[in-house]
Amino acid sequence: MFRHTILAGLLGLATASTALAADMIEKTSPHSVADTIDRLAAAVEGAGATVFARVDHAAGAASVDMDLRPTQMLMFGNPKLGTPAMLDGQTAGLDLPMRVLAYEDADGTVHVAYHDPAGFAASHGLPADAKYIKMMTGALDKLTSKAVAAE
């Protein structure tokens with residue numbers, strides 16, 4: 001009986017991990033990490049949103065004598081979308097503003113990754129069909145597509 005409980009618990013953890021992984025969207029970029037984030041920042045500002053922060057994780061690692069492949073995160077948003085989400089569920093502020101990570105994998109391929117706003121909505125009890133969730137989803141897709149476009 002005890003072994004069945006442990007196995008059921010492990011199965012539940014595996015299922016939860018799969019669900020969490022499914023909430024992340026990834027795209028590949030033909031550009032370097034720095035160029036991809038530059039392109040994303042330009043797309044964000046061009047769309048009228050605000051860039052709040054750019055974090056260079058590799059530089060942070062280097063500052064403590066550790067090596068990390070190029071990895072940068074851009075934090076950005078638009079209060080016209082984020083504020084209604086927080087009005088519906090104030091804990092949404094844990095995941096706002098939006099964040100996109102660009103990183104280089106061991107093979108040299110550059111990826112961009114971000115959390116799917118639908119998963120964000122579920123974790124904060126927001127209505128899945130809220131207009132702001134649809135707008136965030138569309139904006140993230142459009143902005144990251146511009147960042148990874150070949151031209």
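Residues numbered from 1 in each chain as written. Predicted model: local features only at pLDDT ≥ 70, side-chain atom pairs only at ≥ 80, totals over all residues. Heavy atoms only, no water.

**Student:** Quick one: what's the story with helix H2 (residues 33–46), residue by residue and with numbers?
**Tutor:** The end-to-end C-alpha distance of H2 is 20 Å, a good match for the 20 Å that 14 residues give at a rise of 1.5 Å each. Taken as a whole, H2 has its buried residues at Val33, Thr36, Ile37, Leu40, Ala41, Ala43 and Val44. Looking down the long axis of H2, one finds its buried residues gathered within 165 degrees of arc, a one-sided arrangement. Away from the buried face of H2 by more than 90 degrees, exposed residues Glu45 and Gly46 are located. In this structure, the buried residues of H2 make contact with strand S1 (24–29), strand S2 (50–56), strand S3 (71–77), strand S4 (98–104), strand S5 (110–115) and helix H6 (131–148). Where H2 terminates, the next one or two residues include Gly48, which has phi positive at roughly 90 degrees. (Helix = DSSP H or I, 4+ residues; strand = E, 2+ residues; numbered from the N terminus. Expected span 1.5 Å × (residues − 1). Buried < 20%, exposed > 50% of the residue type's maximum accessible area, 1.4 Å probe, protein only. Arc of directions from axis to C-beta. Contact = heavy atoms within 4.5 Å.)

**Student:** How would you summarise helix H4 (residues 79–88) if you had to cite specific residues and measurements?
**Tutor:** Among the residues of H4, Leu81, Gly82 and Ala85 are the ones counted as buried. In an axial view of H4, the angular spread of the buried residues amounts to 90 degrees, which keeps them on one side of the axis. More than 90 degrees from the buried face of H4, the exposed residues found are Pro79, Lys80 and Leu87. Close packing links the buried residues of H4 with H6. A distance of 2.8 Å separates the backbone nitrogen of Lys80 from a side-chain oxygen at the start of H4, and that oxygen is part of Asn78. (Polar contact = N/O pair within 3.5 Å; in protein donor to acceptor, adjacent residues only side chain to side chain.)

**Student:** Please give an account of the sheet that holds S4 that cites residues and values.
**Tutor:** An order of S1-S5-S4-S3-S2 is seen for the five strands of this open sheet, with the pairing classed as antiparallel. Pairing within the sheet leaves two strands with one partner each, and these edge strands are S1 and S2. Looking at each pair of strands side by side, their axes are set apart by 20 degrees on average, direction ignored. The pairing of S4 with S5 spans four bridges and is classified as antiparallel. Bridge pairing links Leu101 to Ala113 in S5. (Pairing = 2+ DSSP bridges. Axes fitted to C-alpha atoms, helices over the stretch in contact; angles between N-to-C directions.)

**Student:** Got a sec to walk through the nonpolar core? Specific residues and values, please.
**Tutor:** Nonpolar side chains tend toward joint burial in soluble globular proteins. Core analysis: the biggest nonpolar cluster contains 30 residues, and Leu40, Phe76, Leu126, Tyr132, Ile133 and Met136 have the highest contact counts within it. Those elements giving two or more residues to this core turn out to be H2, S3, H4, S4, S5, helix H5 (117–123) and H6. The element that contributes the greatest number of residues to this core is H6, accounting for seven residues. Setting aside its immediate chain neighbours within four residues, Met136 contacts Leu81, Gly82, Ala85, Leu96, Met98, Pro117 and Phe120. (Core = buried A, V, L, I, M, F, W, Y, C linked by side-chain atoms within 4.5 Å.)

Purely geometric numbers; function is a separate question.
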